[in-house]
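Analysis of the macromolecular model
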Amino acid sequence: LDVTEGGLAALVRLCNGDMRKALNILQSTHMASQQITEEAVYLCTGNPLPKDIEQISYWLLNESFADSFKRIQNLSFIIRLVLFVLLL
């Protein structure tokens, strides 16, 4: 398997110590992508990327609520994530 350090870190972060979950994520990611990277792991599991969460946090802390909400809606449309999942 071709696993990057970021991919391994994402796998560990998302499995929360559950080896069965780690193996399932690893298998699913490998089937979807030949290289297991951080982005591939997050996209395969449907979790938002940490950089997207950081961007959302920045908007919420530094812009008006209306502008933040619009930007989050646009981001969720672009990366095909449900707004509810982003806010969890």
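Scroll up a little and you will see the structure.
What comes next is a walk through the structure. Here the structure is a predicted model, which is why all the values come from computation and not from measurement.

With that out of the way, let us pick up the overall build of the chain. For the chain, the helix and strand inventory stands at 6 helices and 2 strands. Each helix (α) and strand (β) of the chain, taken in turn from the N terminus, gives the series β-α-α-β-α-α-α-α. Put simply, 47% of the contacts in the chain that link residues at least 6 apart link residues at least 24 apart. For the chain, the accessible surface area stands at approximately 6200 Å², while carbon and sulfur atoms represent 58% of it.

Across its 13 residues, helix α4 (residues 50–62) extends 18 Å between first and last C-alpha, which sits within 8% of the 18 Å expected from 1.5 Å per residue. The complete set of buried residues in α4 reads D52, I56 and W59. Burial along α4 is one-sided: seen end-on, the buried residues are contained in an arc of 60°. Seen from the buried face of α4, the exposed residues on the opposite side, beyond 90 degrees, are K51, E54 and L61.

The contact between helix α2 (residues 19–32) and helix α3 (residues 38–45) brings their axes to 9 Å, and the two run at 105°. Judged by the angle between their axes, α2 and α3 are roughly perpendicular. The residues of α3 that touch α2, namely those facing I25, S28 and T29, are A40, V41, C44 and T45.

If you look at the biggest cluster of nonpolar residues, it comprises 10 residues: A10, L11, L14, C15, A22, I25, I36, V41, Y42 and L49. Elements supplying a minimum of two residues to this core: α1 (5–15), α2 and α3. In terms of residues, this core owes the most to one element, α1, which gives 4 residues. Aside from chain neighbours lying at most four places away, what touches A10 is E38, V41 and Y42.

Let us now look at α2. One turn of an α-helix holds 3.6 residues; hence residues three or four places apart share an orientation. Between its terminal C-alpha atoms α2 stretches 20 Å, which fits the 20 Å expected from 14 residues at 1.5 Å a residue. Those residues of α2 lying buried are A22, I25 and T29. On an axial view of α2, the arc spanned by its buried residues comes to 65°, and they lie on one face. In α2, the exposed residues that point more than 90 degrees away from the buried face are M19, R20 and M31. Those residues of α2 that are buried are in contact with α1, β2 (35–36) and α3. Measuring from the backbone nitrogen of R20 back to the side-chain oxygen at the start of α2 gives 3.1 Å, which picks out D18 as the cap.

Cut-offs and rules
- Residues numbered from 1 in each chain as written.
- Predicted model: local features only at pLDDT ≥ 70, side-chain atom pairs only at ≥ 80, totals over all residues.
- Heavy atoms only, no water.
- Helix = DSSP H or I, 4+ residues; strand = E, 2+ residues; numbered from the N terminus.
- Contact = heavy atoms within 4.5 Å.
- Areas by Shrake-Rupley, 256 points an atom, 1.4 Å probe, with all protein chains shown as cover.
- Expected span 1.5 Å × (residues − 1).
- Buried < 20%, exposed > 50% of the residue type's maximum accessible area, 1.4 Å probe, protein only.
- Arc of directions from axis to C-beta.
- Axes fitted to C-alpha atoms, helices over the stretch in contact; angles between N-to-C directions.
- Parallel < 35°, antiparallel > 145°, perpendicular 65-115°, else oblique.
- Core = buried A, V, L, I, M, F, W, Y, C linked by side-chain atoms within 4.5 Å.
- Polar contact = N/O pair within 3.5 Å; in protein donor to acceptor, adjacent residues only side chain to side chain.

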